[in-house]
Amino acid sequence: MATPTVILKPKHAQPFFGRHPWVFAGAVDKVEGKPANGDEVILKASNGTFLARGLYNDNSKILVRNYGWVEDQPLDAAFFRAKIARAIGLRHDVLHLNTGPKAAYRVISSEADGLSGLTVDRYAEWLTVQFTSLALANRKEMFAEILRELLQPQGIYVRTEKGIGKLEGLELHDGLLWGVQPPTDLMIEENGLRFRVDLTEGQKTGYYLDQRDNRVAVAKMAAGKRVLDAFSYSGGFGLYCAKAGATSVECVDASESALKLAEANAVANGLSTLEFTQGDVFAYLAQLVADKKTFDILVLDPPKFARNRAALPDAIRGYKRLHQLAMKLLAPDGILVTCCCTGLIVMDELIEIIGQSAVESKRDLQILERRGPAADHPVSANCLEGSYLKCILSRVG
Ligand code: SAH
């Protein structure tokens with residue numbers, strides 16, 4: 001049977017010559033054949049030129065996700081296996097993240113690895129898999145088999161992102177996809193530090209792997225310093241600083257379970273200079289200002305503040321507020337670490353917010369480093385929308 005064809009409206013083909021993975025319904029003129037949701041389709045320009053091979057889902061705003069750019073190469077198991085092997089090649093052969101049985105890294109990063117809708121993380125001997133595409137979720141057994149063959153994990157666990165079921169028309173629940181259930185006290189190792197990762201209950205897929213190199217960058221400056229790790233989750237930045245010889249480290253987070261993990265992590269690493277405070281960072285920083293407390297290093301790593309343009313003004317106000325407080329809490333020549341995972345706020349806008357807050361507080365601010373996520377979270381040139389995390393290190397005089 002012929003593969004169904006999706007034909008674009010005139011003048012809508014340009015992004016796909018640029019190999020963009022997302023075809024929105026509004027760009028489509030007609031569908032020839034009757035693809036079921038999840039089926040393979042061929043994408044053509046209005047003049048009939050072949051553009052891509054993709055997977056169809058009319059429940060989603062993304063009607064077709066493109067994966068293949070060769071007309072006679074179907075999107076079968078061999079095709080996906082080759083893509084996954086290439087993604088693993090980056091992490092193992094280029095980045096050398098496969099450092100042993102307790103290693104943790106992002107194995108597949110969705111669009112960034114040409115696999116729109118599939119995110120896989122490795123945590124020691126377990127893998128977590130997140131599907132944000134119905135078509136790939138339909139193929140979950142195939143992916144489990146490929147991942148087993150290429151990575152030999154003990155188990156593969158499915159994590160679902162809130163709201164994604166509705167966006168894709170997808171019935172998916174957290175749970176074991178294959179193998180042995182992950183232990184609740186699973187430990188990973190990152191740059192010689194041990195972290196407990198709860199794959200079944202933890203945030204994101206259990207740990208923020210994207211901040212690995214940023215934690216190293218901050219730790220380099222931490223010896224002999226008083227550190228405040230705001231939005232600490234399981235203590236990533238704080239533990240690195242404590243290990244690097246910070247005199248004190250205070251971790252603040254709203255989540256009790258996050259702080260429990262952070263405390264367990266401090267114990268597991270034999271680090272005793274950490275303190276943990278549960279509370280709202282905005283209110284707590286204001287309290288510290290009122291108490292005239294100061295710090296030498298302040299890490300701000302809030303969650304995503306805006307998921308869409310409508311939420312952007314509030315998000316910007318949030319970042320401004322945090323920085324106004326930060327300027328009051330930093331000791332002379334203190335180091336400010338600003339992280340922002342809101343993709344809609346780009347690097348230059350973030351720098352403007354930070355700079356403005358410094359000017360308003362009459363403090364001189366030098367930008368020392370503009371950083372992004374670690375390289376196992378790459379960005380594809382074909383889909384720059386995948387760029388999200390910024391981390392700016394600055395010195396506040
Ligand atoms: N810095 C962490 C990751 C932070 S994720 C690391 O390196 O691993 C963001 C954290 O912010 C989450 O743990 C969440 O519980 C916390 N959070 C969100 N809103 C908050 C608020 N208003 N006050 C305090 N913590 C908050």
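The preceding data block contains the structure.
### Focus on the site of the ligand
Consideration 1: In the vicinity of the ligand, 16 residues are found, and the nearest of them are Arg215, Asp253, Asp280, Val281 and Asp301.
Consideration 2: Between the ligand and Asp253 there is a distance of 2.6 Å, counted from an oxygen atom to a side-chain nitrogen or oxygen.
Consideration 3: Here a nitrogen atom of the ligand and a backbone polar atom of Ala254 are 3.0 Å apart.
Consideration 4: Within the complex, the protein chains bury 88% of what would otherwise be the 590 Å² of accessible surface of the ligand.
Consideration 5: Split into classes, the residues belonging to the shell around the ligand amount to seven nonpolar, five polar and four charged.

### A few points about the packing of aromatic side chains
Aromatic ring pairs: the centre-centre distance and the angle between the two ring planes describe each pair.
Consideration 1: For the structure shown, the criterion picks out ten aromatic pairs.
Consideration 2: Consider the rings of Trp22 and Phe24, whose centres lie 6.3 Å apart with planes at 75 degrees: the pair is edge-to-face.
Consideration 3: Over the aromatic face of Phe237 sits the side chain of Arg215, whose NZ or CZ is 5.9 Å from the ring centroid.

### What to know about the pairing of strand β4 (residues 40-44)
Consideration 1: Within β4, four of the five residues are buried, leaving the element largely enclosed by the surrounding structure.
Consideration 2: As judged from the three bridges shared by strand β1 (residues 5-8) and β4, these two strands associate in the parallel manner. Bridge pairing links Thr5 to Ile42 in β4.
Consideration 3: Inspection of the sheet shows β4 paired to strand β5 (residues 50-56) by five bridges, in the antiparallel sense. Each bridged residue has a counterpart across the sheet, and for Lys44 the counterpart in β5 is Phe50.
Consideration 4: What sits between β4 and β5 in their antiparallel hairpin is a turn of five residues, with Gly48 showing a positive phi close to 95 degrees.

Procedures and definitions
Residues numbered from 1 in each chain as written. Predicted model: local features only at pLDDT ≥ 70, side-chain atom pairs only at ≥ 80, totals over all residues. Heavy atoms only, no water. Near = heavy atom within 4 Å. Polar contact = N/O pair within 3.5 Å; in protein donor to acceptor, adjacent residues only side chain to side chain. Areas by Shrake-Rupley, 256 points an atom, 1.4 Å probe, with all protein chains shown as cover. Nonpolar A, V, L, I, M, F, W, Y, C, P; charged D, E, K, R; others polar. Phe/Tyr/Trp six-rings, centres within 6.5 Å; stacked < 30°, edge-to-face > 60°. Lys NZ or Arg CZ within 6 Å of the ring centre and 35° of its normal. Buried < 20%, exposed > 50% of the residue type's maximum accessible area, 1.4 Å probe, protein only. Helix = DSSP H or I, 4+ residues; strand = E, 2+ residues; numbered from the N terminus. Pairing = 2+ DSSP bridges.

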